[in-house]
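Topology and contacts: notes
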Amino acid sequence: MLRRRLNQLFGGDEKRVDSRTIYVGHHPCPATEAFIPPKFCDNRIVSSKYTIWNFLPKNLFEQFRRIANFYFLIIFLVQVIVDTPTSPVTSGLPLFFVITVTAIKQGYEDWLRHKADNEVNKYPVIVLEDGRSIRKESEKIKVGDIVEVVEDETFPCDLILLQSSRDDDTCFVTTASLDGESNHKTHYTVPDTEKDLQSLNATIECEQPQPDLYKFVGRMHIYKTEQEPAVRSLGPENLLLKGATLKNTKKIYGVALYTGMETKMALNYQGKSQKRSAVEKSINAFLLVYLCILISKAVVCTTLKYVWQSQDGQDEPWYNQKTQKEKETYVYLKMFTDFLSFMVLFNFIIPVSMYVTVEMQKFLGSFFITWDKDFFDPEIQEGALVNTSDLNEELGQVEYVFTDKTGTLTQNNMEFIECCIDGFQYKNTDSMSELDGFCVTDGPVNKLQQKAGRDKEELFLRALCLCHTVQVKEAGPDEIDSDQVDGQLGDLSRPDEQRGFIASSPDEVALVKGAMQHGFTFLGLENKAMKIRNRQNDLEVYDLLHVLNFDPVRRRMSVIVRTKSGETLLFCKGADSSIFPRVRPDEVDRIRMHVERNATEGYRTLCVAYKQLSPEEYAVADAGLRDARLALQDREEKLMAVYNQVETSMSLIGATAVEDRLQEEAAETMEALQGAGMKVWVLTGDKMETAKSTCYACRLFQRGTELLELTVRTLEDGGRKREERLLELLVDYHKKAVQDAPPVKVGVTRSWSTATQEYGFIIDGATLSLVMNPSPDANPSRYKSLFLQICQNCTAVLCCRMAPLQKAQIVKMVKNSKGSPITLSIGDGANDVSMILEAHVGIGIKGKEGRQAVRNSDYAIPKLKHLKKLLLAHGHLYYVRIAHLVQYFFYKNLCFILPQFLYQFFCGYSQQPLYDAAYLTMYNICFTSMPILAYSLLEQHIAIEILLDNATLYREIAKNAMLKWGPFLYWTVLGIFQGLLFFFGVRYLFSNPALQDNGQVFGNWSYGTIVFTVLVFTVTLKLALDTRHWTWINHFVIWGSLAFYVFFSFFWGGIIWPFLKQQRLYFVFANMLSSVSAWLVIILLILLSLLPDILLVVFRKPRGPHARQMKRRLPSSGTSTIFMLSQTTSTHSFSWSD
């Protein structure tokens, strides 16, 4: 009974949907007996992660989830609890430093988010209360409040438009910050609302908040005294979204519908998933190796200690021997504490400070991208933007580039080129002197100088003038707002035509302008009447009855208009694939040839059709549209059914061609990326022919490239079931491109491999759906694996007619394929966001389609051409720098701890430290940290110009080449060699410990200090040898660090410090330097340690990819000599990776 009652209340037999009811202006409506105001969330936006109260616990919890931090915390606690040989300060201080620096960085980033939230939440807004306008803070808006918004303000929450200052009850909105579209959209007020909003009694019943920006279903019940309540449908055209901006409208009033975190903007905000770079994964692998080394050292020392102590007279002196009982009590506990003590003693082999250095290197390094003047674009007065500094080195590892076409490869700047009417081609001309503004060029040979009939021409031009959602903006006498105006009609003498056009798509403006150049001018829409001026300068007025909006599924849009003579006409324009099936076949043949030729020339094509509706047909369509628009559930499906029913049996009038020009240097950029060994995939929603010609223009496909096509057209050729034909084609292409193709030689660029056949692959959205989701009886993994193998063997892949989600699916499929290749996605619009978030590295272009892609990207650049330098120069250098940093850190800590381990064999495994506690603490924080940080920020082992000119150099660091096990082993062996040399070299010196003229003997702290001095000088000078690009900063930190070490040692040992219980190094350093033997050993050991590196630099010839490629690809000109010299001197810093 209750269900039936609810059904009656909420609309016929529809299923009850999860909805909310809003009381406009908080007025209790007559129909409601007891008014209980419903509770909704407030209008506060929260994008921050922390508050003052939870920052410390939450941040510490997140930081100690990192293995290295947690490990050092355990070591610190062991030092505090167990009697260990070193002070807790030695591991506590570096850990505290790392935790503090990271917390400050994260706290600062969150403070910026709080600041941005406060700007939004405290923004002043005007709310109508009891007939008065009251100024409030944005966060205090409640659902049901009536809010006033003026021109150029953003909407503070999601509003239903109740009243507009414009005569035609519309307002214009830009949604660039939401979906990336900077074009103007038209929104409509709810019909029949009171002019005096204070006396409006109404409720709104609508769906619960959901994130889809383009969907909204609701209805409004308007209560008037002694009348039945009127019901009005609400759709996306009545909803003004938070974040959108009011344009070209002085003022509007709207009722708050969704507030705060329930607005569509907030529901669309997805925190980006944490992307991890390949370098971080390598660090973790190396860390495990060093952890194993550490544990094995501790186990060896603990075992040998108990073996040694089991011998008579070794454990304790004869005068203080332990009883058997004393020896056997807590023996396992003692062994465990000894093991922990050794772990603490050797724990510096795990470099905790490496994490903070890597963090600082990434954070500071990202500024070099922001500061790069080559990335500055004078047109938009902006440079590059870094949203994520964690992925800098990943820019040097990219294997697959996924790019959007419109706005990325092309400029998204549309220009009307030509049209075809009834099979006759009409070229666009700049001069208006030709007869009727038309110029007939080729067309079919036998109709060379013929034209379509005058009536057909005028019908076609009327269709262009009427079938759109363009609005006219009247311009002031002196200026036209370039933001909103897509074109100014300067050549026309009539003053009322000095106007700009506002449209939801640049294509529409191009078509309206095209019609205008040929004599038909659109004058605007007033009170549902569309006005146009025809060739004879007469005014024509049409009543706009319905707009059947464009959507990506139908790929067409229509308008229904009524002429002054009472005829009802439907004009429709859309993609050929969606128009051709709905018109007569004989008309299609005349126009198909023009459409295909225009598409192959790279133009965007649209077909135009019309239909005359009889009164009966219109009545049915009108009723169907009104009913569908009132539906609360499945509204889109019901509207679609009516649209499809009306848009049938149309007559094809003609087609248009609009050009979208290539971005500057698009072809050179794509060529460079392919030369660098990257595979480029173009993912676009555009039609195949247009996209294919763009690929040719960008040199992704060459003249000799054989194209393998997997589209709906090729699937239907065989006359069999689609899936059978799909499998047959996949197997055929696989044989051609994979099995019969010769193996690809590493390092050979495309220009040198012309002897082998190159393949390009083309697939469309419908076929991709078949590949990804075949029927249950098919083998989905087989389809996918064949498809992937074919694509991986092609020089370029074009995916056309793609939905945004399909773009992300393709990126995900390649990302998860064998070998986990590093992927990069680049796009400029909201439809590219899904693939930008999916790829390892996402790049947004600051294009014409707003900033949605930019906000969701990791890096943003003004133009596509900047991608070349970003990857080939910045990416290459960042990778080489950080790879060197990681290897160097492990190496210097191995050199540091190995002598400590060897020392245990000479001190009865007593856990006696070799170095003083100050040296243990300061080694990684002060003495050796700054030179490697400066190196990792400033090093250029190859000049940037050479990196840009020779894209193939990028291949040499591909697939994480410098962090493989080979280079890691080299650094580890070098560390072991130098550690052994330090220890045994100094031990040889100490074979006679009387090292001073007066016969005074040196002790164990002098021994440790000499080893430490050799160590600090050797690892710092090793870095100096590896540095190819010297700046004053490198000089300052390298020589400054060494000077600081000497100064600190004198200072630390030269004063009696009151806070120290014992001062081990009192005058040890000064005493040590008074011995000539000590000086000699220090200098000799430093030279011997660096000898392998010096010999490598002097004698080793460049081999591997460098030398081979230079011989083959460079003529012996001056530039190549310079190039070879720079290579010769630059190879050795990472020659072990060959």
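Owing to the predicted nature of the structure, the values given are computational and were not obtained by experimental measurement. (Residues numbered from 1 in each chain as written. Predicted model: local features only at pLDDT ≥ 70, side-chain atom pairs only at ≥ 80, totals over all residues. Heavy atoms only, no water.)

**Thoughts on the overall build of the chain**
Assigned secondary structure in the chain consists of 36 helices and 34 strands. Within the chain, the fraction of its 1138 residues that count as buried is 54%. Residue pairs at least 24 apart in sequence account for 74% of intrachain contacts in the chain once pairs closer than 6 positions are excluded. Approximately 50900 Å² of the chain is accessible, and the part contributed by carbon and sulfur atoms is 58%. (Helix = DSSP H or I, 4+ residues; strand = E, 2+ residues; numbered from the N terminus. Buried < 20%, exposed > 50% of the residue type's maximum accessible area, 1.4 Å probe, protein only. Contact = heavy atoms within 4.5 Å. Areas by Shrake-Rupley, 256 points an atom, 1.4 Å probe, with all protein chains shown as cover.)

**A few points about the sheet that holds strand 14 (residues 385-386)**
The strand order across the open sheet formed by nine strands is 14-34-33-32-15-28-31-30-29, and the pairing between neighbours is mixed. Both edges of this open sheet fall to strand 14 and strand 29 (706-710), since each of them pairs with a single strand only. Pairing between strand 14 and strand 34 (residues 859-861): two bridges, direction antiparallel. Across the sheet, V386 pairs through a bridge with Y859, a residue of strand 34. The strands that helix 21 (residues 765-772) touches are strand 29, strand 30 (759-764) and strand 31 (796-800); relative to strand 30, the one it contacts most, it runs at about 90°. (Pairing = 2+ DSSP bridges. Axes fitted to C-alpha atoms, helices over the stretch in contact; angles between N-to-C directions.)

**Remarks on the sheet that holds strand 6 (residues 170-174)**
The strand order across the open sheet formed by three strands is 7-6-12, and the pairing between neighbours is antiparallel. Among the strands making up the open sheet, the edge pair consists of strand 7 (184-188) and strand 12 (245-247). Going across the sheet, the axis of each strand differs from the next one's by a mean of 45°, ignoring polarity. Two strands pair when backbone bridges link them, and strand 6 and strand 12 are joined in this way by three bridges, in the antiparallel orientation. Within strand 12, the position partnered with F172 by the bridge is K247.

**Here's the deal with the packing of aromatic side chains**
Scanning all chains against the criterion turns up 48 aromatic pairs. A ring pair is formed by F402 and W681, whose centres lie 5.4 Å apart and whose planes are at 65°; its orientation type is edge-to-face. Here F402, found in strand 15 (residues 400-403), pairs with W681, found in strand 28 (residues 679-683); they are 279 residues apart in sequence, far enough to count as distant. Here F402 matches W681 in class, with each residue buried. Through pairs of rings, three or more aromatic residues link up here, namely F896, Y915, Y919, Y923, F927, F1012, F1017, F1044, Y1045, F1048 and W1052. (Phe/Tyr/Trp six-rings, centres within 6.5 Å; stacked < 30°, edge-to-face > 60°.)

**Focus on the confidence of the model for the chain**
In low-pLDDT segments, the atomic positions of the prediction should not be examined closely. Per-residue pLDDT for the chain has a mean of 78; in total, 82% of the residues score no lower than 70. Under a pLDDT of 50 for its full length, residues 1-17 has, in the predicted model, 13 contacts with residues more than four places off or in other chains. Confidence drops under a pLDDT of 50 for residues 430-449, and excluding neighbours within four residues, the segment shows 41 contacts in the predicted structure. (pLDDT = per-residue confidence, 0-100.)

**Looking at helix 32 (residues 1032-1054)**
Taking 1.5 Å per residue, 23 residues should reach 33 Å; helix 32 reaches 31 Å between its end C-alpha atoms and fits that length. Turning to helix 32, its buried residues are N1034, V1037, I1038, S1041, L1042, Y1045, F1048, S1049, W1052 and G1053. Those residues of helix 32 that are buried are in contact with helix 27 (917-927), helix 28 (929-938), helix 31 (1004-1026) and helix 33 (1068-1072). (Expected span 1.5 Å × (residues − 1).)

**Concerning helix 12 (residues 506-517)**
Spanning twelve residues, helix 12 covers 17 Å between terminal C-alpha atoms, matching the ideal 16 Å at 1.5 Å per step. Counted residue by residue, helix 12 has ten buried out of twelve residues, so it is predominantly covered. One or two residues past the end of helix 12 sits G519, with phi positive at roughly 105°.

**Brief notes about the pattern of salt bridges**
Summed over all chains, the structure comprises 38 salt bridges. Note that K362 and E393 form a salt bridge whose closest N and O atoms lie 3.3 Å from each other. With K362 in helix 10 (residues 352-371) and E393 in the loop between strand 14 and strand 15, the pair connects residues that are 31 residues apart, well separated along the chain. Exposure remark for K362: the relative accessible area of 6% places this residue in the buried category. Note on E393: relative accessible area 1%, which makes it buried. Close ionic contact of K869 with D372 constitutes a salt bridge, the shortest N to O distance being 2.9 Å. (Salt bridge = Lys/Arg side-chain N within 4 Å of Asp/Glu carboxyl O.)

**Describing the nonpolar core**
Core analysis: the largest hydrophobic core is formed by 98 residues, its most contacted members being V886, F896, Y915, Y919, I1010, F1012 and L1015. Here the element with the most residues in this core is helix 26 (residues 866-903); it accounts for 18 residues. The residues contacting V886, other than those within four sequence positions of it, are V279, I283, F286, M354 and L963. Counting residues in each nonpolar core, the second largest holds 42 residues, with A676, C800, V841 and I843 among its members. (Core = buried A, V, L, I, M, F, W, Y, C linked by side-chain atoms within 4.5 Å.)

**Here we look at the pairing of strand 10 (residues 230-234)**
Strand direction decides the pairing type here: strand 9 (residues 218-223) and strand 10, joined by five bridges, are antiparallel. Paired with H221 across the strands is V231, a residue of strand 10. Adjacent in sequence and paired antiparallel, strand 9 and strand 10 are bridged by six residues, among which E226 carries a positive phi angle near 55°.

**Description of unusual backbone geometry**
Keep in mind that most residues, glycine aside, have a negative phi and that most peptide bonds are trans. If you check the backbone angles, R699 has positive phi at about 65° while not being a glycine. Residue classification places R699 among the partly exposed positions, given a relative accessible area of 31%. The phi dihedral of S820 is positive, around 40°, even though this residue is not glycine. Within the fold, S820 resides in the loop between helix 23 (804-815) and strand 32 (823-827). Residue class for S820 comes out partly exposed when judged on its relative accessible area of 48%.

**With respect to the environment of A853**
Mapped onto the elements, A853 comes out in helix 25 (residues 852-856). Assessed through its relative accessible area of 0%, A853 is described here as buried. Spatially, the C-alpha atoms of A853 and I843 are 7.9 Å apart, while their sequence positions differ by ten residues. Apart from residues lying up to four places away in sequence, A853 is in contact with G827, D828, G829, V833, I836 and G844.

**Quick look at empty space enclosed by the protein**
Tallied over the full model, the rule gives six cavities of 30 Å³ or more. Counted as a void, the largest cavity has a volume near 60 Å³. Along its surface, the largest cavity is lined by 13 residues, and F72, P94, F348, V352 and N924 are the ones closest to its centre. Broken down by secondary-structure element, the contributors of at least two residues to the lining of the largest cavity are helix 4 (89-121), helix 10 and helix 27. Looking at the lining of the largest cavity residue by residue, the class counts come to seven nonpolar, six polar and no charged. (1 Å grid on protein atoms, 1.4 Å probe; cavity = no way out; pocket = protein on both sides within 12 Å on 5 of 7 lines; lining within 4 Å. Points joined across faces, edges and corners; volume = space filled by probe spheres on them. Nonpolar A, V, L, I, M, F, W, Y, C, P; charged D, E, K, R; others polar.)

**Structural notes on the pairing of strand 28**
Of all five residues in strand 28, four are buried; the element is thus mostly enclosed. Judged from the four bridges that link them, strand 28 and strand 31 form a sheet pairing that is parallel. Within strand 31, the residue paired with L683 across the bridge is C799.

**As for the environment of D949**
The topology assignment puts D949 in helix 29 (residues 944-949). The exposed category is assigned to D949, whose relative accessible area is 62%. For the pair D949 and A672, spaced 277 residues apart in the sequence, the C-alpha separation amounts to 8.7 Å.

**Here's the deal with the packing of helix 26 against helix 30 (residues 965-989)**
Packed helix pairs are characterised by how far apart their axes lie and by the angle those axes make with each other. Following both chains from N to C, one finds helix 26 and helix 30 inclined at 35°, their axes separated by 8 Å at the closest point. Note on packing geometry: the crossing formed by helix 26 with helix 30 is right-handed. Grouping the constituent residues of the contact of helix 26 with helix 30 by class yields 17 nonpolar, six polar and no charged. (Left-handed = near helix turned anticlockwise from the far one by under 90°.)

**Focus on the side chain of Q663**
Mapping Q663 onto the fold places it in the loop between strand 27 (651-662) and helix 17 (666-675). We classify Q663 as buried; its relative accessible area is 10%. Contact partners of Q663, with chain neighbours within four places excluded, come to G407, T408, L409, T410, Q411 and K863.

**Considerations on the packing of helix 17 against helix 26**
Following both chains from N to C, one finds helix 17 and helix 26 inclined at 20°, their axes separated by 9 Å at the closest point. Between helix 17 and helix 26, the angle is such that the two are roughly parallel. Where helix 17 crosses over helix 26, the handedness of that crossing is left-handed. Contacts between helix 17 and helix 26 involve T669, A672 and L673 from the former and L867, K868, L871 and L872 from the latter. Of the residues assigned to the contact of helix 17 with helix 26, the class counts are five nonpolar, one polar and one charged. (Parallel < 35°, antiparallel > 145°, perpendicular 65-115°, else oblique.)

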